[in-house]
Amino acid sequence: MPTTFFFCGVMLVGVPIGICLCLAGLAFIFSTGATVLLQSFPSQMFAGVDSYGLIAIPLFILIGEIMNSGGITRRLVDLSMAFVGSIKGGLAYVNILANMLVSSIIGSATAQVAIMSQVMVPEMEKQGYDNYPRSARKTLRERATTVIQASPTLLIPVVIVGSILGGVANPTEAAAVGALAAALVGRYVTKEFDLRTMPAILLRSAIYSAIVLFLVAAAAVFSWLLIYGKIPQMVAAWIQTIAHSPVEFLLLANVILLIIGTVIDGIPGLIMTVPILLPIATEVYHIDPRHFGVVIVINLVLGLMSPPVGLSFFVASAVTGAKPGKMFMVTLPFFLISCVALVLLSLFPSLSIGLLD
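Throughout what follows, the structure given in this document is the object of discussion. (Residues numbered from 1 in each chain as written. Predicted model: local features only at pLDDT ≥ 70, side-chain atom pairs only at ≥ 80, totals over all residues. Heavy atoms only, no water.)

What follows covers the overall build of the protein. From N to C terminus, the protein includes 18 helices and 0 strands. Going through the 357 residues of the protein one by one, you find that 44% of them count as buried. Long-range pairs, those at least 24 residues apart, make up 73% of the contacts in the protein between residues at least 6 apart in sequence. Looking at the protein as shown, the accessible area adds up to about 18200 Å², and 71% of this sits on carbon and sulfur atoms. (Helix = DSSP H or I, 4+ residues; strand = E, 2+ residues; numbered from the N terminus. Buried < 20%, exposed > 50% of the residue type's maximum accessible area, 1.4 Å probe, protein only. Contact = heavy atoms within 4.5 Å. Areas by Shrake-Rupley, 256 points an atom, 1.4 Å probe, with all protein chains shown as cover.)

Written out as structure tokens, the structure reads:
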């Protein structure tokens with residue numbers, strides 16, 4: 001309990017989450033007198049990121065940077081603009097469609113927020129948003145031209161997904177192939193990717209990757225100490241005294257995960273919660289692990305747009321200058337609708353896994 005108060009205290013004064021997790025781990029060690037664990041502290045941090053699969057994170061971030069530099073992201077925006085740009089507030093719809101296309105490629109929410117904010121916000125400000133203006137309607141010929149120009153950029157998600165589904169590459173290898181595909185498209189199709197910008201692209205990718213991977217390492221240490229302190233067993237025992245059915249467990253898990261998601265980023269949140277909650281869900285309540293995985297991911301992603309951390313808001317604020325609090329109030333209706341969707345998923349598992357059975 002003292003460790004929890006310490007963690008909340010340092011977080012509320014503005015200490016970055018990764019450092020908060022490390023400091024909370026040290027507080028736990030000293031409060032319990034288990035100072036021998038200090039010897040394993042660095043090795044546990046290293047073990048947290050010593051995973052082949054995590055190489056995909058910097059590679060997907062690199063894909064996003066190359067796409068932005070090579071004009072690929074802008075063409076995806078133009079592609080969306082050709083279909084919904086003439087609707088009132090059409091650029092907002094374009095924003096959604098473009099983010100949908102780009103998210104299938106990048107795989108990092110914070111990196112995508114940073115990249116798409118640079119692309120979309122200046123254009124939206126130029127057109128007069130928040131007044132939801134209407135863009136000029138494109139002719140059929142103009143739309144066809146836009147589709148033809150933007151179509152080669154769609155090769156990137158096709159290459160990534162196709163190489164995985166075809167058994168040619170695993171997700172990490174597919175990320176590397178995607179980075180190469182983005183560079184080739186930017187160099188020879190859009191002809192906007194300049195190899196001289198590569199050092200700056202690699203530097204930005206390294207910074208974003210370091211932020212994410214440090215969070216992963218810090219969360220791994222925190223999870224290790226939780227397991228040492230037998231916290232998962234205590235949580236499991238407590239949950240079973242309250243939840244007497246799978247639905248009650250899922251509703252309780254939603255509350256727990258939403259609270260965790262408000263203070264911890266998605267990847268560290270997964271590392272911290274899955275080892276504790278997944279065995280309870282599958283072994284005690286016999287919940288399909290695929291269904292529970294969907295519930296966990298949606299809950300933690302909602303944490304990116306909810307206080308007190310709301311990491312995506314702070315990233316967007318750093319790029320655009322908009323205030324995080326104002327962004328939260330604007331997105332609050334969507335946040336509440338997502339919460340309703342979570343309740344429905346908890347009550348009706350077929351909504352998440354019906355198509356897979």
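Bringing the packing of helix α5 (residues 72-84) against helix α8 (residues 140-150) into the picture now. Orientation of α5 relative to α8, taken along the N-to-C sense of each, is 150°, at an axis distance of 9 Å. It follows that α5 is roughly antiparallel to α8 by the angle criterion. Between α5 and α8 the crossing geometry is left-handed. Residues R75, D78, L79, A82 and F83 of α5 form the contact with α8, whose participating residues are R143, T146, V147, Q149 and A150. Tallied by class, residues from the contact of α5 with α8 come to 5 nonpolar, 2 polar and 3 charged. (Axes fitted to C-alpha atoms, helices over the stretch in contact; angles between N-to-C directions. Parallel < 35°, antiparallel > 145°, perpendicular 65-115°, else oblique. Left-handed = near helix turned anticlockwise from the far one by under 90°. Nonpolar A, V, L, I, M, F, W, Y, C, P; charged D, E, K, R; others polar.)

A word on the packing of aromatic side chains. Within the structure shown, the criterion is met by 2 aromatic pairs. Centroid distance F249 to Y285: 4.8 Å. Interplanar angle 15°. Geometry classified as stacked. Of this pair, F249 sits in helix α13 (residues 246-263) while Y285 sits in the loop between α14 (266-284) and α15 (289-302), and the two are 36 residues apart along the sequence. On the basis of relative accessible area, Y285 is assigned to the buried category, the value being 8%. (Phe/Tyr/Trp six-rings, centres within 6.5 Å; stacked < 30°, edge-to-face > 60°.)

Together, V247, L251, V340, V343, L344, L347, F348 and L351 make up a nonpolar patch on the protein surface, roughly 640 Å² of accessible area in all. Contributing elements (two or more residues each) for the nonpolar patch: α13 and α17 (324-347). Sorting elements by how many residues they give to the nonpolar patch places α17 first, with 4 residues. Within the secondary structure layout, V247 lies in helix α13. With relative accessibility at 31%, the residue V247 sits in the partly exposed group. (Patch = residues over 30% accessible without salt bridge, like charges linked within 9 Å, V, L, I, M, F, W, Y side chains within 5 Å. Salt bridge = Lys/Arg side-chain N within 4 Å of Asp/Glu carboxyl O.)

Another point: the side chain of N254. For N254, the position within the fold is in helix α13. When near neighbours in sequence (up to four residues on either side) are disregarded, N254 contacts V295, N299, L342 and S346.

Next up on the list: the nonpolar core. In this structure, L21, L225, I239, F249, Y285, I287 and F292 are the most contacted members of the largest nonpolar core, which totals 37 residues. The set of elements that each furnish at least two residues to this core consists of α2 (17-32), α3 (41-49), α11 (198-228), α12 (231-242), α13, α14 and α15. Per-element tally for this core: the top contributor is α11, with 9 residues. Discounting chain neighbours no more than four positions away, the residues touching L225 are G25, F28, I29 and L37. Judged by nonpolar contacts, the second largest core, of 20 residues, contains I66, I156, A179 and F193. (Core = buried A, V, L, I, M, F, W, Y, C linked by side-chain atoms within 4.5 Å.)

This paragraph deals with unusual backbone geometry. For residues that are not glycine, phi is negative in most cases, and the peptide bond is trans in most cases. Within the chain, K191 stands out as a residue other than glycine whose phi angle is a positive 60°. As for its placement among the helices and strands, K191 is situated in the loop between α10 (171-189) and α11. Residue classification places K191 among the exposed residues on the basis of a relative accessible area of 66%. Phi angles above zero are rare outside glycine, and H286 is one such case at about 55°. The topology assignment puts H286 in the loop between α14 and α15. Since its relative accessible area comes to 66%, H286 is described here as exposed.

With that settled, consider the pattern of salt bridges. Evaluated as defined, the whole model comprises 4 salt bridges. Taking the shortest distance from any N to any O, the salt bridge between E192 and R75 comes out at 2.9 Å. Placement of E192 in the loop between α10 and α11 and of R75 in helix α5 is noted, with a sequence separation of 117 residues between them. By relative accessible area, E192 is classed as partly exposed at 32%. Note that D194 and R196 form a salt bridge whose closest N and O atoms lie 2.9 Å from each other. Take D194: its relative accessible area is 24%, and that puts it in the partly exposed class. Using a relative accessible area of 72% as the deciding quantity, one classes R196 as exposed.

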